[in-house]
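# Coordinate analysis (summary)
So you can see what is in the structure, the chains are spelled out below.
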Amino acid sequence: MSAQTSATASEERTSAGAPSRDSGGSLRGMTALFSGPAGRNLGLVIALLLLCVVGLITAGDRFVSFDNMMTILRLASVIGVVSVGMTFVITGGGIDLSVGAIVALSSVWASTIATQTLAADTHWLVMVTTALLVGAACGLVNGTLIAYGRMAPFIVTLAMLAGARGLAEIIAQKRTQVVTVNEFIDVIGGRILGIPVLVIIFAVVAVAGWILLNRTTFGRRTLAVGGNPEAARLAGINVKRHTTLLYVLVGVACGLAAVMLLARTTAGTSTHGMLYELDAIAAVVIGGTLLSGGRGTIVGTVFGVLIFTTLTNVFTLNNLDTSTQAVAKGVIIVVAVLLQQRVAARNGSPP
Amino acid sequence: MGPREIQVTAPEGQEPLLRMSGIVKRFPGVKALDGIDLEVRAGDVHCLLGQNGAGKSTLIKVLAGAHQPDGGTIRWQGDDIRIVNPQDAIDHGIATIYQELDLVDGLTVAENIYLGHERARWGVVARAEANRSAAALLRRLGHPEVAPDIEVGRLSSAGKQIVSMARALSHDAKLIVMDEPSAVLDQEEVARLFGVIRELAAQGVAIVYISHRLEEIREIGDRVTVLKDGRTAATGLAAAETPTSEIIRLMTGRSIEYVFPERSEGQRGETVLEVSGLGRPGEFDDVSFTVAAGEVVGLAGLVGSGRSEILETIYGARKAKAGTVTVAGRRLRAGRVGAAVAAGVGLCPEERKSQALVLHESVARNISLASLGRFARGGFVNRRDERRAADDQVRALDVRPADVQRHVRTLSGGNQQKVVLARWLLRECRVLLLDEPTRGVDVGARSEIYALIRDLAASGIAVVVVSSEIEEVIGLSDRVLVISDGALVHDSPADEIDEHQVLDMVMEGEAA
Ligand SMILES: Nc1ncnc2c1ncn2[C@@H]1O[C@H](COP(=O)(O)OP(=O)(O)OP(=O)(O)O)[C@@H](O)[C@H]1O
Ligand SMILES: [Mg+2]
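Residues numbered from 1 in each chain as written. Chains lettered and ligands numbered in written order. Predicted model: local features only at pLDDT ≥ 70, side-chain atom pairs only at ≥ 80, totals over all residues. Heavy atoms only, no water.

### Notes on the coordination of the magnesium ion (ligand 2)
Residues and elements named next belong to chain B. Surrounding the magnesium ion (ligand 2) are the protein donor atoms Ser57 (OG) and Gln99 (OE1), which sit 1.9 to 2.2 Å from the metal. Taken together, the positions of Ser57 in helix α1 (residues 56–63) and Gln99 in the loop between β6 (94–97) and α3 (109–113) put the pair 42 residues apart, joining distant regions of the chain. By relative accessible area, which is 17% here, Ser57 ends up buried. (Donors = N, O, S within 2.8 Å, 3.2 Å for Na, K, Ca; no water. Helix = DSSP H or I, 4+ residues; strand = E, 2+ residues; numbered from the N terminus. Buried < 20%, exposed > 50% of the residue type's maximum accessible area, 1.4 Å probe, protein only.)

Right, dumping it as structure tokens:
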């Protein structure tokens, strides 16, 4: 390289580089703000705070009261438990469209006259166990067909969506089954130190989910299976068994959600859990979990759930109709995902 | 900055085809390119050299429009241009074969070749015509056996490399950039590739050629540019006149004795791995051999001769149709990776990106993936132990940057390869199967890896190595097996055979 070339090069470099360096500086500032464990969810925190400000301005004290906060959390808890389960499946490279249907089936099965009679004679935990087992069984069917039958998760769980809700309708004969086991409602629907048990369950599930995903070999394997199944297989991980377990896990989460719904509504029906699949997937995705698998965040999912529930609450307090609410939801999903992608790109990781 | 060798190369006043000057590219936390200069003339084969992570791939991605530079200028045929995206680069006549293959597995060979510039009539893809011209390109590359209408996902990695090359040729480019095209090719195919490169150069097409196989440079290169830590260490060197030792010194800043470690004599243990009559119709037949504890056995053969398939079958990733695999006296169930893993077999697979790496994850997590159990108590991962073990591996293999928290996808190709190898070195295996362990690794790190493999063997592990470089197979192994056309044609101690004999045997099967 000649001296002359290098001179022109450096001149041009400064002239071409100057403006981009400026924008680079402010962008890096943003990056610093967004990166790091706490800041990664900053976009979500801001979104949630904005919603709260809107709530405060439009509904004032009715929004910020302790009771209203608990209402929001109680509403969030059921879909929250489902979403934590969904986070695992999506992180593991799958999808579960049948969560709502499994919730319905579990709630109906756990509230049949037979189950309730047995529970009344023995212990209310019989209802809980029934719901969890039904959820686990549905998950096992999903997982086995997907992992060992090599069918697409989308198709298998779509079939389960139709099948499980249909079965729920047959069992309940499209009637609402009122829960008569009072201890069940008293315990699950009650409060401990003023905090609804439902909210406590959600908190426990979220913490357990976080530990499972981030601190255990199960979590590591989930990330590997979702990120590169072939690499996971060649590294000696039993990918099929692991995939099956993931669907069983979300099934159990649905069973638990059904228990919580039974306590909150004091009834089991085949219409429980309508459209939960969409709400859960939306919460997971705006939380920052990759829809293609390989990266998942429980904290993000919890924020995603809280954002949607707070939105619903603010709309309800202001007596706005559900259609407007649906539009707002759609906008939030798009904006949140766009924002997440920006942050991810700045952090040197893929969208 | 290192010493600069400046040689006036062309007649005064003749504008080079490409002149990149002062190119700067930053990534979060690293300055990958720190003012690089590169001049390429029409009809020249310009070799770009540098250690793993020196910035070679980043530079050519800037040229290909895949990255936007943070500074510097690109002059193309006398005009200053900005290359805003890959399509723009292609429109200017710059075609690129990337280091990591970028083909769509679900499309056919012809569809991949013409992706983005489909042969179409009134918007309808002219399949027959595309297939015909794709076949012509493949013939020109010396690979008439690659059918234009089969899915790319079914090809071997060498086959995919060939499709990538055909794609670059299909653009009628003035400059073709090749990022380590020879890493997955065997001698024969490299020779064919060089034939095509010479032909292109004679037509006035410029080639930028990246490789870690320094002997190739002298064979094909006209000019050499050496990068070091994101800077130009030397540019425009005449390839024929610069000694290899000088190039290595420019690349690494020190002189490296490029030798294989001593073989350990005598102390061979008992047989650990016994393969007998192993076969998969259409891939390989009746393969039998044994490997003793402490022994390194090398498998030589052409790409597609069945080498990788044999390893994957031993590991259970492919199901054996005939024969048995026995590890320490216990027969493994065919087609079960779990059984092989439980018996202490490890496989470092051929293709790092599709078969080995979890790209979203950190270096540490990728290294620990196959030995998670070692760091776990009651299902909980002890992250401090994990990080420490990963740190040790990263230091031993000289992964750069030496930061185990980085995402694997931000590492350069050669450094990713070291991560894959680290995973299997960390795992305590009885039998270690290594498929192209030094693919894309630079000269400096290579010697380290050879020494590590030797150490492993000395500690009583049975090692099987597959490599396209015959020199590597012979230099590293105690015993050499030659695979030709799916059959085991030779088995002898490594010091009783030389490169030419192996090459002859390998070719014979090809001719038959
Ligand atoms: N997307 C990215 N994000 C962050 N850092 C990156 C990214 N891509 C490359 N780097 C860094 O830039 C540097 C140069 O990488 P590059 O891939 O150009 O090396 P290379 O010379 O091609 O090496 P190799 O011989 O191993 O292929 C490395 O330190 C690498 O870690
Ligand atoms: Mg590279």
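There is more to say after this.
### A closer look at the domain arrangement of chain B
Residue and element names in this part refer to chain B. Split into domains, chain B comes out as domain 1 (18–93 + 174–252), domain 2 (270–344 + 429–512) and domain 3 (358–428). Inter-centroid distance (C-alpha atoms) of domain 2 to domain 3 is 25 Å. Counting residues at the interface gives 16 residues for domain 2, matched by 10 residues for domain 3. Summing both sides of the interface, domain 2 and domain 3 together bury roughly 1200 Å²; the carbon and sulfur share of this comes to 68%. Looking at the side of domain 2 facing domain 3, the largest losses of area belong to Cys429, Ile449 and Leu452, adding up to 34% of the total buried there. Viewed at the interface, domain 3 and domain 2 are joined by zero salt bridges. Between the two partners, domain 2 and domain 3, sit three residue pairs in polar contact (both at pLDDT 80 or more). Mapped onto the side of domain 2 that touches domain 3, the elements with two or more residues apiece are β21 (431–435) and α15 (443–458). Ranked by residues supplied to the side of domain 2 that touches domain 3, first place goes to α15 with five residues. (Domains from an automatic or database assignment. Contact = heavy atoms within 4.5 Å. Buried area = accessible area lost by both parts, 1.4 Å probe. Salt bridge = Lys/Arg side-chain N within 4 Å of Asp/Glu carboxyl O. Polar contact = N/O pair within 3.5 Å; in protein donor to acceptor, adjacent residues only side chain to side chain.)

### Observations concerning the environment of Leu452 of chain B
Residues and elements named next belong to chain B. Relative to the elements of secondary structure, Leu452 occurs in helix α15. Note: C-alpha distance between Leu452 and Val464 (12 residues apart in sequence) is 14 Å. When neighbours within four sequence positions are excluded, Leu452 is seen to be in contact with Ala396, Leu397 and Leu425.

### Brief notes about the pairing of strand β13 (residues 271–280) of chain B
Regular strands place side chains that alternate from one sheet face to the opposite one. Residues and elements named next belong to chain B. Across six bridges, the pairing between β13 and strand β14 (residues 284–292) is antiparallel. Pairing of Glu274 across the sheet is with Thr290, part of β14. Linkage of β13 to β14, two consecutive antiparallel strands, is achieved through a turn of three residues, within which Gly282 is found at a positive phi near 90°. Of the pairings in the sheet, the one linking β13 to strand β16 (residues 322–327) comprises five bridges and is antiparallel in character. Bridge assignment links Val275 to a residue of β16, and that residue is Val325. (Pairing = 2+ DSSP bridges.)

### Quick look at a nonpolar patch on the surface
Residue and element names in this part refer to chain A. Residues Val141, Leu145, Met151, Phe154, Ile155 and Leu158 make up a contiguous nonpolar surface patch of about 520 Å² in total accessible area. Elements with a contribution of two residues or more to the nonpolar patch: α7 (125–147) and α8 (153–172). The dominant element in the nonpolar patch, judged by the number of residues it contributes, is α8, at three residues. Locating Val141 in the fold gives a position in helix α7. (Patch = residues over 30% accessible without salt bridge, like charges linked within 9 Å, V, L, I, M, F, W, Y side chains within 5 Å. Areas by Shrake-Rupley, 256 points an atom, 1.4 Å probe, with all protein chains shown as cover.)

### Side note on the pairing of strand β24 (residues 487–493) of chain B
Looking at chain direction, strand β23 (residues 479–484) of chain B and β24 of chain B are connected through six bridges and run antiparallel. Of the residues in β24 of chain B, the one forming a bridge with Ile483 of chain B is Leu488 of chain B.

### Focus: the sheet that holds β14 of chain B
Residues and elements named next belong to chain B. Across the sheet, four strands lie side by side as β14-β13-β16-β17; this open sheet has antiparallel pairing. At either end of the open sheet lies a strand with only one pairing partner, and these are β14 and β17 (330–331). In terms of strand pairing, β16 meets β17 through two bridges, oriented antiparallel. From the neighbouring strand, Thr326 faces β17, where its bridge partner is Arg331.

### A short note on α8 of chain A
All names here are of chain A. With 20 residues, α8 extends 28 Å between its outermost C-alpha atoms, agreeing within 8% with the 28 Å of an ideal straight helix rising 1.5 Å per residue. Here α8 has its buried residues at Val156, Thr157, Met160, Ala164, Arg165, Ala168 and Ala172. Seen along its axis, α8 keeps its buried residues to an arc of 150°; they face one direction. Away from the buried face of α8 by more than 90 degrees, exposed residues Ala162 and Ile170 are located. Buried-residue contacts for α8 involve α5 (99–110), α7, β1 (177–178) and α13 (239–265). Just beyond α8, the residue with positive phi is Gln173, at close to 50°. (Expected span 1.5 Å × (residues − 1). Arc of directions from axis to C-beta.)

### As for the sheet that holds β21 of chain B
Residues and elements named next belong to chain B. As summarised here, the arrangement of the six strands in space is β18-β21-β22-β15-β23-β24, forming an open sheet in which the pairing is mixed. The two strands at the open ends of the sheet, each matched to only one other strand, are β18 (345–348) and β24. For this sheet, the mean angle separating the axes of adjacent strands, direction not counted, is 15°. Of the strand pairs in this sheet, strand β15 (residues 296–300) and β23 are connected by four bridges, and their pairing is parallel. Within β23, the position partnered with Leu299 by the bridge is Leu481. (Axes fitted to C-alpha atoms, helices over the stretch in contact; angles between N-to-C directions.)

### Thoughts on the nonpolar core
All names here are of chain B. In terms of nonpolar packing, the biggest core is built from 82 residues, with Leu273, Phe289, Ile314, Tyr315 and Leu433 touching the most fellow members. If you tally residues by element for this core, the top one is helix α14 (residues 413–426), at seven residues. Once you skip the residues sitting within four places of it in the chain, Leu433 turns out to touch Leu311, Ile314, Tyr315, Val345, Gly346, Leu347, Cys348 and Val464. (Core = buried A, V, L, I, M, F, W, Y, C linked by side-chain atoms within 4.5 Å.)

### Details of a positive patch on the surface
The grouping of Arg150 and Lys240 of chain A together with Lys319, Lys321, Arg333 and Arg336 of chain B at the surface amounts to a positive patch. Looking at the secondary structure, you find Lys240 of chain A in helix α13. (Lys, Arg positive; Asp, Glu negative; His and termini not counted. Charge placed at Lys NZ, Arg CZ, Asp CG, Glu CD.)

### Things to note about the interface of chain B and chain A
Counting residues at the interface gives 46 residues for chain B and 33 residues for chain A. Buried area between chain B and chain A, both sides added, is near 3200 Å², and the carbon and sulfur share of it is 58%. Inspection of the chain B/chain A interface yields one salt bridge. Arg220 of chain A is paired through a salt bridge with Glu386 of chain B; the nearest N and O atoms lie 2.5 Å apart.

### Quick notes on the packing of α7 of chain A against α13 of chain A
Residues and elements named next belong to chain A. Between α7 and α13, the least distance of the axes is 7 Å, while the angle of their chain directions is 150°. Comparing the axis directions of α7 and α13 gives the class roughly antiparallel. Note that α7 runs across α13; the crossing there is right-handed. Its residues assigned to classes, the contact of α7 with α13 comprises 14 nonpolar, nine polar and one charged. (Parallel < 35°, antiparallel > 145°, perpendicular 65-115°, else oblique. Left-handed = near helix turned anticlockwise from the far one by under 90°. Nonpolar A, V, L, I, M, F, W, Y, C, P; charged D, E, K, R; others polar.)

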